[in-house]
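Coordinate inspection notes
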Amino acid sequence: MKKFRLIAMLFAALMTFGSMNCDAKKLKPAKKPSIESGKYRNYLKELGYSQKQIDKKIQDVYYEVFESERRAYQDVGPDMGYVSDVKNIDVRTEGQSYGMMIAVQMDKQDKFDRIWRWTKEYMMVKQGPRKGLIDWSINPDGKSRRAGGSASDGELYFVTDLLLASRRWGNDGAINYLAEAQELLNVLFSKDGSDGVTNIINMEHKLINFCPDTRSNTWTDPSYHLPAFYEIWAETAQDAREDFYRECAQLSREFLHKACDEKTGLNPDQCQFDGTPNRGSEFHYDSWRTPMNIAMDFNWYRKDAQWQKEYADKFQKTMASYGIKEFPDQFALDGGKPGYVMSAGMGQYRATALRHSIGLVATTATLGLITDNEYSQAIVRHLMDDMVLEPYEDGYYDVYYDGLVTLFALLHLSGNYRMDW
């Protein structure tokens, strides 16, 4: 079976390579990171798309996620709003913080403020040992918790959202973004394990944990590792923790070397701090975000460029081995079929099968910012020309996760995912 699969993968890779334009112009990475140049590549324009085509692609996805009849975003009252995981019928810190990031990147201050107000009103814990942390999942009515506890990536994003908002809009309006970020950081670093509540950073390893509690503080999720975000904290938070944040950024980069398979580039959804997969964890939905996170760090800071290029080539090769227009969305870490297919959603939105998902195509495409191998341009063209945020053939539709990560990827590829303006 392994021999047969290897032959099939080689055949798919040859077919993919044969379908490419061998005369395509090489699109080399920018010579300097954005932190030095102040510039952000519009890869899509370099590839030959007009600005009108690029803007339309972004706006089409934005419309589906935030404005269409089947949208994930909802206004609430005169000044609040939330982003719902429609397929699970709840509101998550993931969606709220992603919605805020999209709002700051697209200069939609009212939407940013609405989502943050709703988050503080309904999701932030008001009393007890977890005071100041944010519940990771609640019902859209805001009145009942779907699940107790926080997810560390939510707080990581919220802090960064607020710091970027302070850069873009200043702090003299209705919300003092810098002060809000500092307050949240102070809350996070006041949790020392007492009553079972920890910071989102495991202070021994200086790596983000899975959840800020004494049990989940012992492992992590590779897709939570965003070194670029810690750099933003060091530059902007003004809380005398600059050296610590930069150390976290560097250790996070080193961790990703361990967490990503050295042959395929694939990473598990969860693992130990030494990169060992947690309880047989494989490449599933969370893992989709890792290539995009690495592309962001390369584009903005480029402090680990050689490894990141090697990673990008491995990862895209693994996807292309199945065919650029066919690769599935879940894998074993060796690139084979996963031991189990993770399901998603409920009711009409329940997914129980592998599919060629727009979300993974999009995040894979962002690696074109790092490398220009024989696959990268074709993957981006596949995203732009073939992939549409719409229900799959079996009726499954994920306007929430597919939609949000696709929008992130398009902003990255168009030079519109920035840390300054």
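Residues numbered from 1 in each chain as written. Predicted model: local features only at pLDDT ≥ 70, side-chain atom pairs only at ≥ 80, totals over all residues. Heavy atoms only, no water.

Let's talk about the packing of helix 5 (residues 93-105) against helix 15 (residues 401-413)
At a minimum axis distance of 11 Å, the contact between helix 5 and helix 15 shows a crossing angle of 30 degrees. Judged by the angle between their axes, helix 5 and helix 15 are roughly parallel. Crossing handedness for the pair helix 5 and helix 15: left-handed. Contact with helix 5, carried on its side by Glu94, Gly95, Tyr98, Met101, Ile102 and Gln105, involves Tyr401, Leu404, Val405, Leu407, Phe408 and Leu411 of helix 15 and no other residues of that element. When its residues are assigned to classes, the contact of helix 5 with helix 15 shows nine nonpolar, two polar and one charged. (Axes fitted to C-alpha atoms, helices over the stretch in contact; angles between N-to-C directions. Helix = DSSP H or I, 4+ residues; strand = E, 2+ residues; numbered from the N terminus. Parallel < 35°, antiparallel > 145°, perpendicular 65-115°, else oblique. Left-handed = near helix turned anticlockwise from the far one by under 90°. Contact = heavy atoms within 4.5 Å. Nonpolar A, V, L, I, M, F, W, Y, C, P; charged D, E, K, R; others polar.)

What to know about the packing of aromatic side chains
For the structure on display, the rule yields 29 aromatic pairs. Ring centres of Tyr157 and Phe229 lie 4.9 Å apart, and the angle between their planes is 85 degrees; on these two criteria the pair is classed as edge-to-face. Residue Tyr157 is found in helix 7 (residues 152-169), and its partner Phe229 is found in helix 9 (residues 227-236); the two are separated by 72 residues along the sequence. Each member of the pair, Tyr157 as well as Phe229, is classed as buried. Ring plane angle 65 degrees and centroid distance 5.7 Å describe the contact between Phe283 and Phe331, whose orientation is recorded as edge-to-face. Pair noted here: Phe283 is in the loop between helix 10 (242-259) and helix 11 (289-300) and Phe331 is in the loop between helix 12 (305-320) and helix 13 (358-365), with a separation of 48 residues, a long-range link. Residue Phe331 is classed as buried on the basis of its relative accessible area of 0%. One residue, Lys108, lies across the ring of Tyr62, its end atom 4.7 Å from the ring centre. Directly above the ring of Trp219 sits Arg279, whose terminal nitrogen or CZ lies 5.3 Å from the centroid. (Phe/Tyr/Trp six-rings, centres within 6.5 Å; stacked < 30°, edge-to-face > 60°. Buried < 20%, exposed > 50% of the residue type's maximum accessible area, 1.4 Å probe, protein only. Lys NZ or Arg CZ within 6 Å of the ring centre and 35° of its normal.)

A word on the environment of Lys108
Mapped onto the secondary structure, Lys108 falls in the loop between helix 5 and helix 6 (109-123). Here Lys108 is in contact with Tyr62, Ala103 and Trp169, once residues within four sequence places are set aside.

Points about empty space enclosed by the protein
According to the stated counting rule, one finds one cavity of 30 Å³ or more in the structure shown. In this structure, the largest cavity spans a volume of roughly 40 Å³. If you trace the largest cavity, you find it lined by Tyr98, Asp153, Tyr157, Ser223, Leu226, Arg289, Met292 and Asn293. Looking at the lining of the largest cavity, the elements that each hand over two or more residues are helix 7 and helix 11. Of all the elements, helix 11 adds the most residues to the lining of the largest cavity, at three residues. Looking at the lining of the largest cavity residue by residue, the classes come out as four nonpolar, two polar and two charged. (1 Å grid on protein atoms, 1.4 Å probe; cavity = no way out; pocket = protein on both sides within 12 Å on 5 of 7 lines; lining within 4 Å. Points joined across faces, edges and corners; volume = space filled by probe spheres on them.)

So, the sheet that holds strand 5 (residues 145-147)
Spatially, five strands are ordered 1-2-3-4-5 in an open sheet, and the strand pairing comes out antiparallel. Both outer strands of the open sheet, strand 1 (73-76) and strand 5, are each paired with one neighbouring strand and no more. Where strand 4 (residues 137-138) meets strand 5, two bridges bridge the pair, whose relative direction is antiparallel. What sits directly across from Ser137, in strand 5, is Ala147. Of the strands in this sheet, strand 1, strand 2 (80-85), strand 3 (90-92), strand 4 and strand 5 are in contact with helix 6, which crosses strand 2 at around 80 degrees. (Pairing = 2+ DSSP bridges.)

Considering the layout of surface pockets
The volume enclosed by the largest pocket comes to roughly 690 Å³. Every residue lining the largest pocket is counted, 36 residues in all, and those nearest its centre are Arg92, Glu94, Tyr285, Asp286 and Met342. For the lining of the largest pocket, the secondary structure elements donating two or more residues are helix 5 and helix 15. By residue class, the composition of the lining of the largest pocket is 14 nonpolar, eight polar and 14 charged.

Re the pattern of salt bridges
Scanning the model with the defined rule gives 27 salt bridges in all. The closest approach of N and O atoms between Arg289 and Asp153, which form a salt bridge, is 3.9 Å. Residue Arg289 is found in helix 11, and its partner Asp153 is found in helix 7; the two are separated by 136 residues along the sequence. Of the two residues, Arg289 and Asp153, both sit in the buried class. A salt bridge links Glu231 to Arg246; the nearest nitrogen and oxygen atoms lie 3.9 Å apart. With a gap of 15 residues between them, Glu231 in helix 9 and Arg246 in helix 10 connect regions that are remote in the sequence. (Salt bridge = Lys/Arg side-chain N within 4 Å of Asp/Glu carboxyl O.)

By themselves these figures say nothing about function.
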